[in-house]
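The residues making up each chain are set out below.
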Amino acid sequence: MSVVAAKRYADKLEFAADSIRVNGYLTETSRVTGDEQGKLFEVNDMIIGSVGYVMELSFMQRFARNHKPAATTVEAVLDFIVEFYAWAKKKDDSFGRKNSYLIGIEGEIFRVSSSYLVEKINEFSAIGAGQHFALTAMYLDKSPKEAVEIANELCVYCSGPVNVITKTLSSSPH
């Protein structure tokens, strides 16, 4: 459940995420207010968006504070994910690999799905229950924010408000 969308522009990365919270299949109606980061956060010069389980996302937020991929390659991101899973398993032996991620680093976007499938994204991507709506919207030249707004309208497993993180690139990576 949820949706996270990301797009690489010549001068910036833009990530957007919905804010739905569920307990089983029921939407939680209470929201935390203030500096809540939810499914999308910026840490250690990375933007990370995730869909899936809160426990895994919370562990990723802690891990990413002082870990990041050694380079902007599929192999380095895979090493980062493997290291994260090993670290999390040491913290809680019931830890499981269930989430998907969009990771922005140094002007590049990577999608991590099915635990160890890492792909470099050249233009845009989306993950979660609303991903197909968001992908279609971005294909039609909508921004990630607009794509998540559309997914929120069309997918019962997505809900606002939309959170956005934009990272301006100092120079074009390509």
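Just so it is clear, the model here is predicted, and its values are computed rather than measured. (Residues numbered from 1 in each chain as written. Predicted model: local features only at pLDDT ≥ 70, side-chain atom pairs only at ≥ 80, totals over all residues. Heavy atoms only, no water.)

Visitor: Sorry, what's going on with a positive patch on the surface here?
Guide: Positive charge collects at one region of the surface, where R62, R65, K90 and K91 lie side by side. Residue placement: K91 occurs in helix 2 (residues 74–91). (Patch = residues over 30% accessible without salt bridge, like charges linked within 9 Å, V, L, I, M, F, W, Y side chains within 5 Å. Areas by Shrake-Rupley, 256 points an atom, 1.4 Å probe, with all protein chains shown as cover. Salt bridge = Lys/Arg side-chain N within 4 Å of Asp/Glu carboxyl O. Lys, Arg positive; Asp, Glu negative; His and termini not counted. Charge placed at Lys NZ, Arg CZ, Asp CG, Glu CD. Helix = DSSP H or I, 4+ residues; strand = E, 2+ residues; numbered from the N terminus.)

Visitor: Can you help me understand the sheet that holds strand 7 (residues 100–105) in this one?
Guide: By definition, the strands of a sheet pair up through backbone hydrogen bonds, in either a parallel or an antiparallel sense. Here five strands make up an open sheet; going across it, the order is 5-6-7-8-9 and the pairing antiparallel. Looking at the sheet topology across the chains shown, the edges are occupied by strand 5 (40–43) and strand 9 (117–121). Pairs of neighbouring strands in the sheet enclose a mean axial angle of 20°, with direction left out of account. Sheet topology places strand 6 (residues 46–51) next to strand 7; six bridges connect them, and they run antiparallel. Paired with V51 across the strands is S100, a residue of strand 7. (Pairing = 2+ DSSP bridges. Axes fitted to C-alpha atoms, helices over the stretch in contact; angles between N-to-C directions.)

Visitor: Hey, could you run me through the packing of aromatic side chains in this one?
Guide: Each pair of aromatic rings is reported with the distance of its centres and the angle of its planes. Taken as a whole and assessed by the stated rule, the structure comprises 10 aromatic pairs. On the basis of an interplanar angle of 85° and a centroid distance of 5.8 Å, the ring pair of F84 and F95 is categorised as edge-to-face. With F84 in helix 2 and F95 in the loop between helix 2 and strand 7, the pair connects residues that are 11 residues apart, well separated along the chain. Given the relative accessible area of 0%, F84 is considered buried. Of the aromatic side chains, those joined through ring pairs into one cluster are F59, F63, F80, F84, Y85, W87, F95 and Y116. Positioned above the aromatic ring of Y9 is the side chain of K12, whose terminal nitrogen or guanidinium carbon lies 4.9 Å from the ring centre. Just above the ring of Y85 sits the side chain of R97; from NZ or CZ to the centre is 5.8 Å. (Phe/Tyr/Trp six-rings, centres within 6.5 Å; stacked < 30°, edge-to-face > 60°. Buried < 20%, exposed > 50% of the residue type's maximum accessible area, 1.4 Å probe, protein only. Lys NZ or Arg CZ within 6 Å of the ring centre and 35° of its normal.)

In short, shape yes, function no, at least from these values alone.
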